[in-house]
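Listed below, chain by chain, are the residues.
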Amino acid sequence: MALMEVVHYGDPILRKKCKPVEDYKKLSGLIDDMFDTMYEENGIGLAANQVGVDLNLFIIDISDIEEEGESIHVFINGEIIESSGESWFEEGCLSIPDIRLDVKRPETITFKYQDESGHEHTKEISGLLARAIQHEVDHLNGVFIVDRVTSTTKMTVDKTLKAIKKDALSKVKYRKAFVL
Ligand code: NI
């Protein structure tokens with residue numbers, strides 16, 4: 001078991017579009033570590049850039065909430081190709097501690113992705129899984145929940161957000177000092 005450091009809002013890696021996965025052979029160690037990290041942090045989803053890795057990959061485990069059907073997922077090079085309906089749901093984010101916001105998103109999506117072996121799948125997905133996928137796909141495109149709410153709502157969390165950003169930026173400097 002290896003825990004990775006979850007990077008927070010303000011770290012530049014969370015604002016860039018992640019690179020597609022091309023080499024599937026070396027992913028299993030990263031995916032195992034991401035699951036360990038997500039469980040340690042009590043999250044239900046985690047994108048690779050949230051642990052500082054610039055790759056289009058995310059994991060989801062909603063087994064605590066939805067008992068029916070498959071609930072543990074690895075999605076690689078995912079793309080939402082269609083969406084419909086709308087729903088509101090209060091979302092939190094491991095990269096923005098202590099902030100929860102009501103976010104409006106499509107209820108149903110058609111999602112194209114690859115699995116760990118590189119096989120392609122296309123599925124229509126609704127409910128909590130669709131919600132979690134959209135949150136993680138946002139991460140891989142550099143988008144946060146605070147970008148999905150009105151400026152008035154964002155203002156209510158502005159102070160907390162600034163503090164998180166300041167702390168995240170100081171950690172980036174610290175990390176870079178060791179990468180020579
Ligand atoms: Ni998040």
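Before any of the text, the structure's been laid out above.
Model, not experiment: these values are computed from the prediction. (Residues numbered from 1 in each chain as written. Predicted model: local features only at pLDDT ≥ 70, side-chain atom pairs only at ≥ 80, totals over all residues. Heavy atoms only, no water.)

## Considering the overall build of the protein
1) Next: For the protein, the helix and strand inventory stands at four helices and seven strands.
2) Next: Along its sequence from the N terminus, the protein presents helices and strands in the succession α-β-β-β-β-β-β-β-α-α-α.
3) Next: Its C-alpha atoms give the protein a radius of gyration of 16 Å, near enough to 16 Å, the size a compact globule of 180 residues would have.
4) Next: Here the C-alpha coordinates of the protein stretch approximately 40 × 40 × 25 Å along the principal axes.
5) Next: Buried positions account for 45% of the 180 residues belonging to the protein.
6) Next: Intrachain contacts of the protein at a sequence separation of at least 6 include 66% that bridge at least 24 residues. (Helix = DSSP H or I, 4+ residues; strand = E, 2+ residues; numbered from the N terminus. Rg over C-alpha atoms; globule rule 2.2 N^0.38 Å. Buried < 20%, exposed > 50% of the residue type's maximum accessible area, 1.4 Å probe, protein only. Contact = heavy atoms within 4.5 Å.)

## With respect to the nonpolar core
1) Next: Core analysis: the largest hydrophobic core is formed by 17 residues, its most contacted members being Phe58, Ile60, Phe75, Phe111, Ile125, Leu129 and Ile133.
2) Next: Only β2 (57-61), β6 (108-114) and α2 (127-140) provide two or more residues apiece to this core.
3) Next: The greatest single-element share of this core, amounting to seven residues, is contributed by α2.
4) Next: Non-local contacts of Ile125, meaning those with residues more than four positions away in its chain, are made with Glu107, Thr108, Ile109, Phe111, Ala130 and Ile133. (Core = buried A, V, L, I, M, F, W, Y, C linked by side-chain atoms within 4.5 Å.)

## Description of the sheet that holds strand β3 (residues 72-84)
1) Next: In space, the five strands of this open sheet follow the order β1-β2-β3-β6-β7, with antiparallel pairing throughout. Looking at which strands have only one partner, the edges of the open sheet turn out to be β1 (45-47) and β7 (120-126). Going from strand to strand, the sheet's axes swing by 40 degrees on average, the running direction of each strand aside.
2) Next: Strand contacts of helix α1 (residues 27-40): β1, β2 and β3, with the helix running at about 45 degrees to β2, the strand carrying the most contacts.
3) Next: Running over the sheet, α2 touches β1, β2, β3, β6 and β7 and is turned about 150 degrees from β2. (Pairing = 2+ DSSP bridges. Axes fitted to C-alpha atoms, helices over the stretch in contact; angles between N-to-C directions.)

## Quick word on the pattern of salt bridges
1) Next: In total, this model carries twelve salt bridges according to the counting rule given.
2) Next: Between Asp54 and Lys19 there is a salt bridge; the shortest N-O distance is 3.8 Å. With Asp54 in the loop between β1 and β2 and Lys19 in the segment before α1, this pair connects stretches of sequence that are 35 residues apart.
3) Next: We classify Asp54 as buried; its relative accessible area is 18%.
4) Next: Notably, a salt bridge pairs Arg105 with Glu91, separated by 2.7 Å at the nearest N-O pair. With Arg105 in strand β5 (residues 101-105) and Glu91 in strand β4 (residues 87-91), this pair connects stretches of sequence that are 14 residues apart.
5) Next: Taking the relative accessible area as the measure of exposure, Glu91 reaches 5% and is therefore buried. (Salt bridge = Lys/Arg side-chain N within 4 Å of Asp/Glu carboxyl O.)

## A short note on the pairing of β3
1) Next: Pairing between β2 and β3: five bridges, direction antiparallel. Looking at the pairing, Leu57 lines up with Ile76 of β3.

## As for the coordination of the nickel ion
1) Next: The protein atoms donating to the nickel ion are Cys93 (SG), His135 (NE2) and His139 (NE2), with metal-donor distances spanning 2.1 to 2.3 Å.
2) Next: In primary-sequence terms, the residues that donate to the nickel ion follow C-x41-H-x3-H. One end of the pair, Cys93, is in the loop between β4 and β5; the other, His139, is in helix α2, with 46 residues separating them in the sequence. Neither Cys93 nor His139 differs from the other in exposure class; each is buried. (Donors = N, O, S within 2.8 Å, 3.2 Å for Na, K, Ca; no water.)

## Quick notes on the packing of aromatic side chains
1) Next: Under the defined criterion, the tally for this structure stands at seven aromatic pairs.
2) Next: Between the aromatic rings of Phe58 and Phe75, the centroid separation amounts to 5.2 Å while the plane-to-plane angle is 45 degrees, which identifies the pairing as tilted. One end of the pair, Phe58, is in strand β2; the other, Phe75, is in strand β3, and 17 residues separate them in sequence.
3) Next: For Phe58, a relative accessible area of 0% corresponds to the buried category.
4) Next: The exposure class assigned to Phe75 is buried, which follows from its relative accessible area of 2%. (Phe/Tyr/Trp six-rings, centres within 6.5 Å; stacked < 30°, edge-to-face > 60°.)

## Some thoughts on the environment of Asp98
1) Next: Tracing the backbone through its elements, the reader meets Asp98 in the loop between β4 and β5.
2) Next: For Asp98, a relative accessible area of 79% corresponds to the exposed category.
3) Next: Each C-alpha atom of the pair Asp98 and Val157 lies 9.7 Å from the other, and the pair is 59 residues apart in sequence.

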